[in-house]
Amino acid sequence: MSPLKPPRARRVAVVGGARVPFARSDGPYATASNQEMLTAALDGLVERHGLQGPGAVGEFVAGAVLKHSRDFNLARETVLGSTLDPRTPAYDVQQACGTGLQAVIAAANKIALGQTESAVAGGADTASDAPLGVNDRLRRILLEARRAKSPGARVKALAKIRPAHLVPDIPRNAEPRTGLSMGEHAAVTARAWGITREAQDELAAASHQRLAAAYERGFFQDLVVPFRGLARDQNLRPGSTVEKLAALKPVFGLHAPGPTMTAGNSTPLTDGAATVLLASEEWAEARGLEPLAYLTAYETAAVDFVGGDVAGGEDGLLMAPAYAVPRMLERAGLGIEDFDLVEIHEAFASQVLATLAAWEKRGLAPVDRARLNTAGSSLATGHPFAATGARVVATLAKLLAERGGPGRGLISVCAAGGQGVTAILERT
């Protein structure tokens, strides 16, 4: 009996995307759940690409970072509440801010191996409706009461409850291993790499101006689905300038001299959802759908942001793409100069600039700023953690398609926990 030959990897097409406009937390989507937002994005994708009907899509892969217990089986419940065929399998993934891109990679791998012909990937997050945990002391008392063998023992356990036990555990934007927020970690990295306030404000202003220009020319008309009264990203400030941003006070790194990070050059807490349609070339051709681009490579990495070279900047919390991208490019036989477009998730302007500096330190060519985040990025759109990856993939794929000829784009996403997820999109 001859051994089975490994399947030949197929090209994975990015066919299109759909997302709801991103909103600032405690705003228009304050009462919208992850499932409601993700369903709206998925329904928009189904409508625009004719995905109704039995077996239209092979599977749905999505996730959220801030999840309630009611978000159990989020992807599958989203399918059941959407216009997609209810027989569509679905599953959740989670890798902090890399969730959306990791969902794309998971779906793409199955398509590449011939295990499915098409898939939708995405993610959603609501900072407005973040889960509140039961006070841990109250939780222990309630568990003791549940285990009680008699009514008397149950009453005795419940009698231990005190007013202080009723205070909920509020979720904190902090790394469990360090207790520092992502912003405070980024401030350490900004100092280590000598990132200036002016450079950060220039990057932030450009993000808003480019996103505004993209909306004005209709770029997002087939990518953004109106939701709850919003047709554009609420965080967008078309009139942003370096001068206006310079007037803002620093909010991170205040314990050290010369803090540079403000609310204007940092991404705000955001609510939203995004999806992207992936498929084999044969599936797309059979349905008359023109691929925007092809996903050709991806790489993940992680840094030791607890015990590594944090003060020196090498192992800052958000610096994993500084390692993932050079590794991916070496494997692909490419350099930065081979990319027409570069998309770096803008968690903070300082993090983008530190990543660019680290790539150069590792021997990569400087990134032409005219090719960087040409339709704006997270500083302008906002950043619903698990939704950002799908937003970036769909945006970059369409930008490449707009060029009309061969092209190549790089994606870099940093994530909590010292991780990074990166990918390459191409048109031939």
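On a predicted model such as this, the values are computed, not experimentally measured, just so you know.

Reading the values: rules and limits
Here, residues in each chain are numbered from 1, in the same order as that chain's written sequence. Restriction of local features to residues with pLDDT of at least 70 applies here, the model being predicted, together with a cutoff of 80 or more for giving and counting side-chain atom pairs; totals for whole chains, interfaces and linings are based on all residues. The side-chain numbers reported here are obtained from all heavy atoms of the structure, hydrogens and water having been left aside. Here a helix means four or more residues in a row that DSSP labels H or I, a strand means two or more in a row labelled E, and each is numbered from the N terminus. All radius of gyration figures rest on C-alpha atoms, and the globule criterion is 2.2 Å times the number of residues raised to 0.38. Note on exposure labels: buried denotes an accessible area under 20% of the residue type's maximum, exposed denotes more than 50%, and partly exposed covers the range between, all computed with a 1.4 Å probe on protein chains only. Any pair of residues with heavy atoms lying within 4.5 Å of one another is described as a contacting pair. All accessibility values rest on the Shrake-Rupley procedure with a 1.4 Å probe; residue burial counts only the protein chains present in the view. Counting rule for charge: Lys and Arg are taken as positive, Asp and Glu as negative, and neither His nor the chain ends is counted. Positions of charges follow a simple convention, taking NZ of Lys, CZ of Arg, CG of Asp or CD of Glu. Salt bridges are counted wherever a side-chain nitrogen of Lys or Arg sits within 4 Å of a carboxyl oxygen of Asp or Glu. Each patch groups residues whose relative accessible area exceeds 30% and which form no salt bridge, using 9 Å between like charges and 5 Å between nonpolar side chains of Val, Leu, Ile, Met, Phe, Trp and Tyr. Paired rings are identified among Phe, Tyr and Trp, the last through its six-membered ring, by centres lying within 6.5 Å, and are further divided according to the angle between planes into stacked (under 30 degrees), edge-to-face (over 60) and tilted (the rest). Lysine and arginine charges are scored as sitting over a ring when NZ or CZ, respectively, is within 6 Å of the ring centre and within 35 degrees of the ring normal. Any helix carries an expected span of 1.5 Å times its number of residues minus one. The rule for a disulfide is simple: a pair of cysteine sulfur atoms within 2.5 Å. Throughout this description, the term nonpolar core refers to a set of buried Ala, Val, Leu, Ile, Met, Phe, Trp, Tyr and Cys residues connected via side-chain atoms within 4.5 Å.

Enquirer: Quick rundown of the overall build of the chain? Include the residues and the values.
Expert: Scanning the chain from terminus to terminus reveals 13 helices and twelve strands. For 428 residues, the compact-globule estimate of 2.2 N^0.38 gives 22 Å, and the chain sits close to it at 22 Å. Overall, the chain is about 75 × 60 × 55 Å in size when its C-alpha atoms are taken along their principal axes. With 428 residues in all, the chain has 56% of them scored as buried. Look at the contacts in the chain between residues 6 or more apart in sequence, and 80% of them connect residues 24 or more apart. Accessible surface computed for the chain: about 18,100 Å², of which carbon and sulfur atoms make up 54%. The distance from the centre of the 45 positive side-chain charges to the centre of the 44 negative ones in the chain is 8 Å.

Enquirer: Explain the pattern of salt bridges residue by residue, including any values.
Expert: What the rule picks out here adds up to 22 salt bridges. Here Arg70 and Asp129 are joined by a salt bridge, their closest N and O atoms 2.2 Å apart. Of the two residues, Arg70 is situated in the loop between β3 (59-63) and α2 (74-80) and Asp129 in the loop between β5 (118-126) and α4 (136-147); the sequence distance between them amounts to 59 residues. Looking at Arg70, the relative accessible area reads 47%, which means it is partly exposed.

Enquirer: Lay out a nonpolar patch on the surface in plain terms, naming residues and giving numbers.
Expert: Taken together, the side chains of Val134, Leu142 and Leu158 make up a nonpolar region of the molecular surface, amounting to roughly 230 Å² of accessible area. Inspection of the secondary structure puts Val134 in the loop between β5 and α4.

Enquirer: Would you mind going over the side chain of Thr262 in detail, with residue names and values included?
Expert: By the secondary structure assignment, Thr262 is in strand β7 (residues 261-262). What makes Thr262 buried here is its relative accessible area of 0%. Ignoring sequence-local partners within four residues, the contact set of Thr262 consists of Arg197, Asp201, Leu248, Lys249, Pro250 and Val251.

Enquirer: Quick rundown of the packing of aromatic side chains? Include the residues and the values.
Expert: For the structure shown, the criterion picks out four aromatic pairs. Seen from their ring centres, Tyr215 and Phe220 are 4.6 Å apart, and the 40 degrees between their planes marks the pair as tilted. When its relative accessible area of 10% is taken as the criterion, Tyr215 is described as buried. Members of the aromatic cluster, joined through ring pairs, are Tyr215, Phe219 and Phe220. Positioned above the aromatic ring of Phe219, the side-chain terminus of Lys398 is 4.7 Å from the ring centre.

Enquirer: Pulling in residues and values, what's your account of helix α11 (residues 349-361)?
Expert: Compared with the 18 Å implied by 1.5 Å per residue over 13 residues, the 19 Å span of α11 between its first and last C-alpha is a close match. At the C-terminal side of α11, Gly363 shows a positive phi close to 100 degrees.

Enquirer: Give a description of the state of the cysteines that names residues and reports values.
Expert: This structure, assessed with the given rule, holds zero disulfides. With no disulfide of its own, Cys97 lies 6.4 Å from the sulfur of Cys414, the closest cysteine sulfur. The class for Cys97 is buried, based on a relative accessible area of 5%. With a relative accessible area of 2%, Cys414 lands in the buried category.

Enquirer: Run through the nonpolar core, naming residues and quoting values.
Expert: In this structure, Leu101, Phe220, Val276, Leu278, Ile411 and Leu425 are the most contacted members of the largest nonpolar core, which totals 47 residues. When residues no more than four places from it in sequence are discounted, the contact partners of Phe220 are Arg19, Leu211, Ala214, Tyr215, Ala375 and Thr395. By size, the runner-up hydrophobic cluster in this structure holds 37 residues, among which are Leu230, Ala273, Leu277 and Leu289.

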